Amino acid sequence: MDRLRIAFITPEAVPFAKTGGLADISGVLPSILTNMGQEVRVLIPLYRQVREQFGQKLEKLSEFEIKVGDNGCRGGLHILNQKRKGAEFLFIEQEDFYDRDGLYGDPTDGQDYPDNAERFIFFCRAAIKSLEKNDWQPDIIHLNDWQTALVAPYIKIDQPEQSPLRKSRIIFTIHNLAYQGQFDAKEFAKLGLPESYFAAAGPFEYWGKINFMKAAIIFADYITTVSPTYAREIISSNEFGMGLEGVLAGKSDRLSGILNGVDYSVWSPRADRLIPFRYFPANLSGKKKNKLELVRRAGLPIRMDSPLFGMISRLDNQKGLDLIIEIFDQMMSLDLQFILLGTGDVKYMQFFRQKQQEYPDKFKAYLEFDNQMAHLIEAGADIFLMPSRYEPSGLNQMYSLKYGTVPLVRKTGGLADSVDDFDPDKKTGTGLVFEKYAPDELLATISRGVQLFARKKFWYKLMKAGMAQDFSWEKAAVRYLELYRLLVEENRGERAGKGV
């Protein structure tokens, strides 16, 4: 089949700008698709950190003006002139909006920027303008999360029927439904759309507020999420659907989940440049050495016969931290040690700081972001703790499997799709899984892990089963490409039927 042209629009991508897993996906997936023979262009904002790190490698292609409400905002399009394997990266410039310390908010106080609606109205309109100016007709426009959501309604509402962009198929990927782009109703005038679209129960209206993501779900040709189970969960209840379950259920025939992949050139004990000792399934001696080094750096006593639990997480309620708080003292009474790395909600940081003082021989908290320590925890821990309330995809459980670090997870979202519970009778499974979101369920599973760790024969079998799993991005990219081709063929059939 013909090579596809894919416009991949995202608010962040590695190595340019990152706040979470979306950046990893946006940095890897487009390049893999390009290496598979497709033509991919990635559009992201030209943030301050991009200019500081890559400014000398940027070339300005064009300038334009975008109206945001009554204000005309000057902007520009830059291209990265750097020899890179894979996709072409384009950056949308607007200094007032993007020349800031943070991507979406002030890093000093954690508060969102008050003009985020304007910032991403501009980005979405500028992305469309950039596609028009470059005389490059995409077959697929792939949008990611609420910051890119307005591209879908702008193309479907604003673009004339004869516009080349009306021929493109639009995919909207939900990476985390908790962040929807909700804004005060007074901001609607800045969108430059007819008031009728903000009428009660209209595509933008959500309990009296504007909801960017709701509009994207309605106007996109197809919606994906980042795991099959999460795709089912978000139409099942308000708990997972976050108020949009009805809108999503209405498009359930145009909704599916594709599990995120892992970049094994970065996250694999055989290739990892950030760990002191590399290892592989046939020789796990390096894992023991990494555990010894991790415990030593944490200042904990060396107890190689006790399981070392690791956790790397954003510290907020989604990640199951309320469960951990409930059982923490009981957990510390077990024969284990625990190392945590993460930042987030002040109440959780205060709790873990206090518990570190209470249990200096068993618990160490690194309340910061440290990429090298993250790699060492993955390589040195015996069990990785991930008891999430919900988890659209999750990556750390997949990293852990490859490192022989047994994931202990709740059966939800991407965790359910990537980790199978160990069955001691059948001797099958890749991790430790519990279903009910309850403190006693988590504690029982932790206790099971401690007991199983002592049974070395079973434990090594469990480790090696996990290390044999393949969650490479190449597999996920094939799924996306199949979906792209299906939508393009569907589009051609519809247009032929209309005589277009």
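In case you missed it, the structure is sitting above this.
Reading guide: rules and limits
Residues numbered from 1 in each chain as written. Predicted model: local features only at pLDDT ≥ 70, side-chain atom pairs only at ≥ 80, totals over all residues. Heavy atoms only, no water. Salt bridge = Lys/Arg side-chain N within 4 Å of Asp/Glu carboxyl O. Buried < 20%, exposed > 50% of the residue type's maximum accessible area, 1.4 Å probe, protein only. Pairing = 2+ DSSP bridges. Helix = DSSP H or I, 4+ residues; strand = E, 2+ residues; numbered from the N terminus. Axes fitted to C-alpha atoms, helices over the stretch in contact; angles between N-to-C directions. Contact = heavy atoms within 4.5 Å. Phe/Tyr/Trp six-rings, centres within 6.5 Å; stacked < 30°, edge-to-face > 60°. Lys NZ or Arg CZ within 6 Å of the ring centre and 35° of its normal. Core = buried A, V, L, I, M, F, W, Y, C linked by side-chain atoms within 4.5 Å.

A.B. asks: Help me understand the pattern of salt bridges, please; the structure alone is not making it clear to me.
C.D. replies: Pairing between side chains of opposite charge can happen when their charged atoms approach one another. Taken as a whole and judged by the stated rule, the model has 29 salt bridges. Here R166 ties to E161 by a salt bridge, and the two come within 3.1 Å at their closest N and O atoms. Residue R314 is joined to D316 by a salt bridge in which the shortest nitrogen-to-oxygen separation is 2.6 Å. A relative accessible area of 34% means that R314 is categorised as partly exposed. What you see here is one network of salt bridges that share partners, running through R51, K60, E63, E65, R74 and E93.

A.B. asks: Hey, could you run me through the sheet that holds strand β13 (residues 308-312) in this one?
C.D. replies: For sheets, the rule is that strands pair by backbone hydrogen bonds, running either parallel or antiparallel. On the basis of which strands lie adjacent, the open sheet formed by six strands has the order β15-β14-β13-β16-β17-β18 and parallel pairing. Each of the sheet's edge strands pairs with one partner strand only, and the pair in question is β15 (363-366) and β18 (432-434). Shown here is a sheet whose adjacent strand axes are inclined to one another by a mean of 15°, direction ignored. Pairing geometry for strand β14 (residues 337-341) and β15, over four bridges, is parallel. By the bridge assignment for β15, L341 is matched with Y366. Sheet strands touched by helix α16 (residues 439-453): β13, β16 (383-386), β17 (406-410) and β18. Its angle to β18, the strand with the most contacts, is close to 165°.

A.B. asks: Before we go on, may I ask you to explain the environment of K464 in this structure?
C.D. replies: As for its placement among the helices and strands, K464 is situated in helix α17 (residues 456-467). For the pair K464 and A282, spaced 182 residues apart in sequence, the C-alpha separation works out to 9.0 Å.

A.B. asks: Would you mind showing me how to read the sheet that holds strand β4 (residues 71-80) here?
C.D. replies: Judged by pairing direction, the sheet is mixed, and its nine strands sit side by side in the order β3-β4-β5-β2-β1-β6-β7-β11-β12 without closing on themselves. Since the sheet does not close on itself, it has two edges, and those belong to β3 (58-68) and β12 (255-257), each with one partner. Taken over all neighbouring pairs, the strand axes of this sheet differ in orientation by 25° on average, direction set aside. As paired elements, β3 and β4 share 10 bridges and run antiparallel to each other.

A.B. asks: How do you make sense of the packing of aromatic side chains when you look at a structure like this?
C.D. replies: One pair of aromatic rings is described through two measures. These are the centre distance and the angle between the planes. Per the stated rule, a full pass over the model turns up 29 aromatic pairs. Here the aromatic rings of F422 and F458 are separated by 6.1 Å at their centres, their planes lie at 65°, and the arrangement is edge-to-face. Within this pair, whereas F422 is found in the loop between α15 (413-418) and β18, its partner F458 is found in helix α17, the two being separated by 36 residues in sequence. Neither F422 nor F458 differs from the other in exposure class; each is buried. In this structure, R125 packs its charged tip against the face of Y154, placed 3.7 Å from the ring centre.

A.B. asks: Explain the nonpolar core here, please?
C.D. replies: The tendency in soluble globular proteins is for nonpolar side chains to be buried as a group. Formed by 100 residues in total, the largest nonpolar core has its most connected members in F122, I141 and F212. In terms of residues, this core owes the most to one element, helix α4 (residues 116-133), which gives 10 residues. In this view, F212 contacts A117, I121, W146, A149, L150, Q180, G181, F183 and L191; residues no more than four positions away in its chain are not counted. Among the nonpolar cores identified, the runner-up in size contains 74 residues, and Y264, M349, F434 and F453 belong to it.

A.B. asks: Would you take a moment to explain the environment of Q147 for this structure?
C.D. replies: Mapped onto the elements of the fold, Q147 is located in the loop between β6 (140-144) and α5 (151-158). Q147 sits in the buried class, given a relative accessible area of 5%. With 134 residues separating them along the chain, Q147 and P281 place their C-alpha atoms 41 Å apart. Those residues in contact with Q147, other than ones at most four positions away along the chain, are P11, Y104, F120, F123 and C124.

A.B. asks: How do you make sense of the pairing of β4 when you look at a structure like this?
C.D. replies: Within a regular strand, the side chains alternate between the two sheet faces. The element β4 is largely enclosed, with a buried count of seven among its 10 residues. Counting the residues in the hairpin turn of β3 and β4 gives two residues, including G69, whose phi is positive at 70°. The pairing of β4 with strand β5 (residues 88-93) spans four bridges and is classified as antiparallel. Each residue of the ladder has a partner; that of H78, found in β5, is F91.

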